[in-house]
Structure formats: structure tokens, C-alpha cells
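Residue strings, one per chain:
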Amino acid sequence: MRLYIASHEKYALGIIEALNLLIGRSVKITPICAYDKTLPDEKSVEEIFASTVDLSISKNEKIIIFTDLIGGSVTNTAIKYMKRDERVHVIAGFNLSLLLEFILACESGLSVENAIAKSILAGKNGIVYINELY
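For the structure given in this document, a descriptive report is provided here. Not measured: the values here are computed from a predicted model.

Here we look at the packing of helix H1 (residues 11-23) against helix H4 (residues 96-107)
Thought 1: Across the interface, H1 lies against H4 with an axial gap of 10 Å and an inter-helix angle of 55 degrees. Overall, the two elements H1 and H4 adopt an arrangement that is oblique. The handedness of the crossing between H1 and H4 is right-handed. Residues Ile15, Ala18, Leu19, Leu22 and Ile23 of H1 touch H4, and the partners they reach there are Leu96, Leu99, Leu100 and Ile103.
Thought 2: Partitioned by chemical class, the residues of the contact of H1 with H4 number nine nonpolar, no polar and no charged.

Remarks on the packing of aromatic side chains
Thought 1: A full pass over the atoms with the stated rule returns three aromatic pairs.
Thought 2: An angle of 15 degrees between the planes, with centres 5.1 Å apart, marks the rings of tyrosine 11 and phenylalanine 94 as stacked. Of this pair, tyrosine 11 sits in helix H1 while phenylalanine 94 sits in the loop between strand E4 (88-92) and H4, and the two are 83 residues apart along the sequence.
Thought 3: With relative accessibility at 38%, the residue tyrosine 11 sits in the partly exposed group.
Thought 4: With centroids separated by 5.2 Å and ring planes inclined at 75 degrees, the aromatic side chains of phenylalanine 66 and phenylalanine 102 adopt a geometry described as edge-to-face. In this pair, phenylalanine 66 sits in strand E3 (residues 63-67) while phenylalanine 102 sits in helix H4, placing the two residues 36 residues apart along the sequence.

Topic: the sheet that holds strand E2 (residues 30-33)
Thought 1: Pairing is parallel in the open sheet, where four strands are placed in the order E2-E1-E3-E4. In the strand order of this sheet, the two ends are held by E2 and E4, each with one partner. If you compare each strand with its neighbour and ignore which way they point, the axes differ by 20 degrees on average.
Thought 2: Relative to E3, strand E1 (residues 2-7) runs parallel, the two being bridged by five bridges. The residue of E3 that forms the bridge with isoleucine 5 is phenylalanine 66.
Thought 3: Across the face of the sheet, H1 comes into contact with E1 and E2 while running at roughly 155 degrees to E2.

A look at the pairing of E4
Thought 1: As judged from the five bridges shared by E3 and E4, these two strands associate in the parallel manner. Each residue of the ladder has a partner; that of threonine 67, found in E4, is alanine 92.
Thought 2: Once the chain exits E3 it traverses helix H3 (residues 73-84) before rejoining the sheet at E4, and the crossover so formed is right-handed.

Brief notes about the pairing of E2
Along any regular strand, the residues point their side chains to alternate faces of the sheet.
Thought 1: Pairing geometry for E1 and E2, over four bridges, is parallel. When the bridges of E2 are listed, serine 7 appears paired with cysteine 33.
Thought 2: Between the parallel pair E1 and E2, the chain is carried across by H1, and the sense of this crossover is right-handed.

About the thresholds
- Residues numbered from 1 in each chain as written.
- Predicted model: local features only at pLDDT ≥ 70, side-chain atom pairs only at ≥ 80, totals over all residues.
- Heavy atoms only, no water.
- Axes fitted to C-alpha atoms, helices over the stretch in contact; angles between N-to-C directions.
- Helix = DSSP H or I, 4+ residues; strand = E, 2+ residues; numbered from the N terminus.
- Parallel < 35°, antiparallel > 145°, perpendicular 65-115°, else oblique.
- Left-handed = near helix turned anticlockwise from the far one by under 90°.
- Contact = heavy atoms within 4.5 Å.
- Nonpolar A, V, L, I, M, F, W, Y, C, P; charged D, E, K, R; others polar.
- Phe/Tyr/Trp six-rings, centres within 6.5 Å; stacked < 30°, edge-to-face > 60°.
- Buried < 20%, exposed > 50% of the residue type's maximum accessible area, 1.4 Å probe, protein only.
- Pairing = 2+ DSSP bridges.
- Right-handed = clockwise from strand over helix to strand, strands pointing away.

This is a description of form; function is not addressed.
See below:
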């Protein structure tokens, strides 16, 4: 399985560092930082993906791309990969809870599809308006 985190600016790098801290070791996730201070055109984002996402891997290996914002050019570019290769799974709107749960679920032996479902639930449940609890 190949994991990618695609984001605006360097958000992907920061969240990978946070995952490493929480898990206690380096996780094997490739960041895709599609923006650097300016908003490039769609072609530029596609070039960044093309130079990072490896579709030449084994046909049995799944490719998971987490993106930061549904509807944005980063996610839209990831969707193009999903449409041309059935091994590609795209999960938009990631947060730290979701990513942590996904990695741990996969390590426990869950299938990719079950790990995705479990991690999305954890990501949603991790969003709480704390004022309402007190």
C-alpha cells in the first residue's frame, strides 16, 4: 500500500510530523505539497502529482491519497487518478484523528476499505465543540 497526503502549502508535512510524534516512529507517507505561497494553475498541481504519485507499482498494491479540502484543486487532481486507476482511493477532508486511526487500523490487519470507513468515523467523531460539554 502506498500512502500520500496532499495539501495546500506544507500542511501535509506538518501532519506527517505530528503522526510520527504520536505513533512514536516514522510513518511511511509521502507528502504532496501542492502550493507554495501562491496558487498555481491546475496544470501546475497536476505536474506536482505526476512527479510524486507512483502508478507503476505492483497491480496488487493499493494507493491511498488523503486530501485536505473537498472541492479544491488538490482533491480534484487526486480524483483524476482515482478515475483512471481502480487501485486509487481518495479521502478528502482529513484530520489527525482520521489519519492516526487509518494507520493503526491497517496495522491491525483491517482491509483498506474497512480501515477507511473506521478512520472516517474517527475523524468525524474527533470534531467536537468543547463548550457544549461544559
